[in-house]
Amino acid sequence: MALKMRKSKVGMPVPRCAVGTCMWLLGGAWTPTLLWNLSGDARRFGELRADIPGISAKVLSGRLKDLEEKGVVIRTLMATSPPSAEYSLSVLGRELLPAINEIARIGERLKVEQESGKITIDASAAVSGAD
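What counts, and where the lines are drawn
- Residues numbered from 1 in each chain as written.
- Predicted model: local features only at pLDDT ≥ 70, side-chain atom pairs only at ≥ 80, totals over all residues.
- Heavy atoms only, no water.
- Pairing = 2+ DSSP bridges.
- Helix = DSSP H or I, 4+ residues; strand = E, 2+ residues; numbered from the N terminus.
- Contact = heavy atoms within 4.5 Å.
- Axes fitted to C-alpha atoms, helices over the stretch in contact; angles between N-to-C directions.
- Parallel < 35°, antiparallel > 145°, perpendicular 65-115°, else oblique.
- Left-handed = near helix turned anticlockwise from the far one by under 90°.
- Expected span 1.5 Å × (residues − 1).
- Bend = angle between axes of the 7 residues up to and from the residue.
- Buried < 20%, exposed > 50% of the residue type's maximum accessible area, 1.4 Å probe, protein only.
- Polar contact = N/O pair within 3.5 Å; in protein donor to acceptor, adjacent residues only side chain to side chain.
- Salt bridge = Lys/Arg side-chain N within 4 Å of Asp/Glu carboxyl O.

A. Layout of the sheet that holds strand β3 (residues 84-89). In spatial order, the strands read β1-β3-β2; together these three strands make up an open sheet with antiparallel pairing. Looking at the sheet topology across the chains shown, the edges are occupied by β1 (43-44) and β2 (73-78). One ladder, built from two bridges, connects β1 with β3; its direction is antiparallel. When the sheet's bridge partners are listed, R44 is paired in β3 with E86. Packing of helix α2 (residues 31-38) onto the sheet brings it into contact with β1, β2 and β3, and relative to β3 it is tilted by some 95°.

B. Quick peek at the packing of α2 against helix α5 (residues 91-115). Where α2 meets α5, the axes come as close as 10 Å, and the angle between the chain directions of the two elements is 115°. Viewed along their axes, α2 and α5 adopt a mutual orientation that is roughly perpendicular. Classified by chirality, the crossing of α5 by α2 is left-handed. Residue-level inspection shows P32, L35, W36 and L38 of α2 in contact with α5, the latter providing R94, L96, L97, I100, N101 and A104.

C. Structural context of α5. Helix length check: α5 (25 residues) gives 37 Å between terminal C-alpha atoms against 36 Å at 1.5 Å per residue, within 8%. By the largest-angle criterion, L97 marks the main kink of α5, which is about 30°, and a proline, P98, follows within four residues. What α5 keeps buried is the set G93, L96, L97 and I100. Each element contacted by the buried residues of α5 is listed here: α1 (18-26), α2 and β3. Its side-chain oxygen placed 3.3 Å from the backbone nitrogen of L92, S90 serves as the N-cap of α5. Following α5 by one or two positions, G117 has its phi on the positive side, about 85°.

D. How the structure looks around the pattern of salt bridges. Evaluated as defined, the whole model comprises seven salt bridges. R44 is the partner of E47 in a salt bridge, and the nearest nitrogen-oxygen pair spans 3.4 Å. Judged by relative accessible area, which is 38%, R44 ranks as partly exposed. Put simply, R43, R44, E47 and D51 are held in one network by salt bridges that share partners.

E. Molecular detail of the packing of α2 against helix α4 (residues 57-69). For the pair α2 and α4, the least separation of the axes is 11 Å and the interaxial angle reads 75°. Relative to α4, the element α2 is oriented roughly perpendicular. Judged by residue contacts, T31, L34 and L35 of α2 engage L60, R63, L64 and L67 from α4.

Now the structure itself:
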């Protein structure tokens with residue numbers, strides 16, 4: 001016997017899913033961490049590698065290119081020898097910081113609850129940062 005389709009209790013459905021649109025910007029391993037590390041000031045590639053232990057050069061390069069194409073990160077070429085580039089957050093990237101800060105706040109609370117045994121988080125289901 002088929003189950004009866006229930007009516008949604010969400011007030012107004014969001015056209016073209018606003019959450020999905022925002023997550024399109026934040027999706028991908030390391031992206032929130034990368035934005036977090038750019039929140040202080042512009043950083044060069046090598047500095048970001050040092051800031052984010054465990055990220056490979058290939059993944060970092062790919063994330064930076066992707067975020068630049070999406071308008072979240074600005075790449076500024078430096079007049080140095082050898083040439084180098086600095087990465088900083090665009091206006092859109094800065095707009096995302098309150099959401100990332102809130103996610104970090106909740107994550108810290110969850111870590112404390114996990115350490116105290118109040119909750120159990122399946123480590124195999126957690127994002128490891130690897131692609």
